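# Architecture and fold: a report
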Amino acid sequence: MKDSIDISVNIAGITIQNPVMTASGTFGFGREYGDFYDVNKLGALVTKGLTLLPKEGNPPPRIWETPAGMLNSVGLENPGVEKFIEEEWPYLSKLSIPVIANIDGDTIEEYQETAEKLSTLKKLAALEVNISCPNVEKGGLAFGQDPKSAFEVIEAVRKATNLPIIAKLSPNVTHIQEIAKAAVSAGADALSLINTIVGAAIDIDKQQPVFSRTFAGLSGPAVKPIALRMVWEVCDAVDVPVIGMGGITTWQDAVEFILAGATAVAVGTANFVNPTAPLEIIEGIKSYVKMKGQSMESLIGAARNGKNNI
Ligand SMILES: Cc1cc2nc3c(=O)[nH]c(=O)nc-3n(C[C@H](O)[C@H](O)[C@H](O)COP(=O)(O)O)c2cc1C
């Protein structure tokens, strides 16, 4: 039976049945979570970041709990695009929801080749281009920290694929609007933000940094106010849909991002604490839409000047 409350939204030409996605790297390739619940209930599934060749990632420890969040230094461990196509795509391609592949690279050519290989997959809905990972030696961070290189990498991926492109922005910048504008002018159909914020932790027994790379990426509730501010700023700067993320744990958090201007949201760290968080957030958004008697569309950006007449 069709759900009577319509909370579907459109991102980069893709209609999703509800605005809740999984954030890359926090949901693997979906299969493990498929044991807990029907992942076809999500709006869309975003895969773990993929690179052209397999990556072993960083040495342990990779995760460190912090007050109201966590630091991670996974280092983009992944099986590489070819193994993904062989081993993970058969499961993902059978899902009824859009699947978005998150891609990464150390060089522009790597991004391009990865995009080309994934573009052969019928049914892949979009590419999320990660120009913002803080846990790798080269590539990611540098691309997302400078408007010129953000433009170059998105432009190169644009040439390599006809799939919709979602550029995933780094919060580790002074002027996020400049990067957002560069990514859109290079051909991004949508933007997602934020990735993790660079942080550090020191082991006081060993008197040395916890992580082999010293710095790691902070996520979870601690980053939410920063993420919300950046989503607001980016919605001021560009006209493409924005997927908001960073510390979303409850449906109220998700609604805040939507009212700030996000068309959709992604749930990341909350998946580790409560695997069914995305489903609870979907139900909460539905109840909110019903309670307020407003359409999903009218909620997007409703906290911005002039749109709210409550
Ligand atoms: C363990 C872990 C792995 C992640 N891996 C990726 C990744 O491969 N690609 C990517 O674009 N973002 C990755 N992220 C960032 C998340 O997708 C998300 O942008 C960030 O964690 C903020 O959302 P949250 O506070 O809800 O977790 C990762 C985050 C975590 C915690």
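Conventions adopted
- Residues numbered from 1 in each chain as written.
- Predicted model: local features only at pLDDT ≥ 70, side-chain atom pairs only at ≥ 80, totals over all residues.
- Heavy atoms only, no water.
- Helix = DSSP H or I, 4+ residues; strand = E, 2+ residues; numbered from the N terminus.
- Expected span 1.5 Å × (residues − 1).
- Buried < 20%, exposed > 50% of the residue type's maximum accessible area, 1.4 Å probe, protein only.
- Arc of directions from axis to C-beta.
- Contact = heavy atoms within 4.5 Å.
- Phe/Tyr/Trp six-rings, centres within 6.5 Å; stacked < 30°, edge-to-face > 60°.
- Lys NZ or Arg CZ within 6 Å of the ring centre and 35° of its normal.
- Near = heavy atom within 4 Å.
- Polar contact = N/O pair within 3.5 Å; in protein donor to acceptor, adjacent residues only side chain to side chain.
- Areas by Shrake-Rupley, 256 points an atom, 1.4 Å probe, with all protein chains shown as cover.
- Nonpolar A, V, L, I, M, F, W, Y, C, P; charged D, E, K, R; others polar.
- Pairing = 2+ DSSP bridges.
- Axes fitted to C-alpha atoms, helices over the stretch in contact; angles between N-to-C directions.
- Salt bridge = Lys/Arg side-chain N within 4 Å of Asp/Glu carboxyl O.
- Right-handed = clockwise from strand over helix to strand, strands pointing away.
- Parallel < 35°, antiparallel > 145°, perpendicular 65-115°, else oblique.
- Left-handed = near helix turned anticlockwise from the far one by under 90°.
- UniProt positions renumbered as here; feature names shortened; annotations may be inferred.

Looking at an unreviewed UniProt entry, one finds the chain named Dihydroorotate dehydrogenase, with Tepidanaerobacter syntrophicus as its source organism.

With that out of the way, let us pick up helix α7 (residues 224–237). Note on helix geometry: an α-helix contains 3.6 residues per turn, so any two residues three or four positions apart are oriented the same way. With 14 residues, α7 should cover 20 Å at 1.5 Å per step; its first-to-last C-alpha distance of 20 Å lies within 8% of that length. Residues of α7 that are buried: Lys224, Ala227, Leu228, Met230, Val231, Val234 and Cys235. The buried residues of α7 occupy an angular sector of 165° when the element is viewed end-on, so they sit on one face. Away from its buried face, by an angle of more than 90 degrees, α7 presents the exposed residues Pro225 and Asp236. As for α7, its buried residues are in contact with α6 (176–185), β10 (190–193), β15 (242–245) and α8 (251–260).

Within a pair of aromatic rings, the relevant descriptors are the distance that separates the centres and the angle that separates the planes. Using the criterion set out here, one finds six aromatic pairs in the structure. A ring pair is formed by tyrosine 33 and phenylalanine 36, whose centres lie 6.3 Å apart and whose planes are at 45°; its orientation type is tilted. On the basis of relative accessibility, which here comes to 56%, the residue phenylalanine 36 falls in the exposed class. In this structure an aromatic cluster arises from ring pairing among Phe27, Tyr33 and Phe36. Between arginine 304 and the ring centre of tryptophan 232, over which it is positioned, the NZ or CZ distance is 4.4 Å.

A few words on the site of the ligand. Around the ligand there are 23 residues in total, and Ser24, Lys168, Gly220, Gly247 and Thr269 lie nearest to it. Within the side chain of asparagine 130, an N or O atom sits 3.2 Å from an oxygen atom of the ligand. Between the ligand and the protein, one listed contact pairs an oxygen atom with a backbone N or O atom of glycine 268 at 3.2 Å. With the chains in place, 97% of the 610 Å² that the ligand exposes on its own is no longer accessible. Its residues assigned to classes, the shell around the ligand comprises six nonpolar, 15 polar and two charged.

Next up on the list: the sheet that holds strand β4 (residues 45–46). The strand order β3-β16-β15-β10-β9-β8-β7-β4 describes an open sheet built from eight strands, whose pairing is parallel. In this open sheet, the two edge strands, each paired with only one partner strand, are β3 (20–22) and β4. Where helix α5 (residues 147–160) meets the sheet, its contacts fall on β8 (124–130) and β9 (165–168), and the angle it forms with β9 comes to roughly 160°.

What follows covers the pattern of salt bridges. What the rule picks out here adds up to twelve salt bridges. Of the charged contacts in the structure, one is a salt bridge between aspartate 106 and lysine 55, with a shortest N-O distance of 3.5 Å. Here the residue aspartate 106 occupies a position in the loop between β7 (99–103) and α3 (108–118), and lysine 55 occupies one in the loop between β4 and β5 (63–66), the gap between them amounting to 51 residues. Since its relative accessible area comes to 23%, lysine 55 is described here as partly exposed. Taken together, the salt bridges that share partners define one network made up of Lys224, Asp253 and Glu256.

Our focus in this paragraph is the sheet that holds β5. Backbone hydrogen bonds are what pair the strands of a sheet, in a parallel or an antiparallel way. Reading across from one edge, β5-β6-β14-β11 is the order of the four strands in this open sheet, with antiparallel pairing throughout. The two strands at the open ends of the sheet, each matched to only one other strand, are β5 and β11 (197–200). The average undirected angle you get between the axes of adjacent strands in this sheet is 40°. Relative to strand β6 (residues 69–72), β5 runs antiparallel, the two sharing four bridges. Each bridged residue has a counterpart across the sheet, and for tryptophan 64 the counterpart in β6 is leucine 71.

Bringing the pairing of β7 into the picture now. Within β7, five of the five residues are buried, which leaves the element mostly enclosed by the surrounding structure. Residues Val99, Ala101 and Ile103 of β7 are buried on one face, and the alternating residues Ile100 and Asn102, pointing to the opposite face, are buried as well. For β4 and β7, the ladder comprises two bridges, and the chain directions are parallel. Following the sheet pairing, valine 46 is matched in β7 by isoleucine 100. Viewed along the sheet, the connection from β7 through α3 into β8 turns out right-handed.

Between α8 and helix α10 (residues 277–292), the least distance of the axes is 8 Å, while the angle of their chain directions is 60°. Here α8 is positioned oblique relative to α10, judged by the angle of their axes. Here the hand of the crossing between α8 and α10 comes out right-handed. Contact with α8, carried on its side by Trp251, Ala254, Val255, Ile258 and Leu259, involves Glu280, Ile281, Gly284, Ile285 and Tyr288 of α10 and no other residues of that element. For the contact of α8 with α10, the class distribution of residues is eight nonpolar, one polar and one charged.

The residues that UniProt annotates with the feature "binding site: substrate" (unreviewed entry) are Lys48, Asn72, Ser73, Val74, Gly75, Leu76, Asn130, Asn195 and Thr196. Turning to its location among the elements, lysine 48 is positioned in the loop between β4 and β5. In this view, lysine 48 contacts Ser24, Gly25, Gly28, Phe29, Val74, Leu76, Glu77 and Asn102; residues no more than four positions away in its chain are not counted. Tracing the chain through its elements places leucine 76 in the loop between β6 and α2 (81–92). Classification of leucine 76 by relative accessible area gives buried; the value is 7%.

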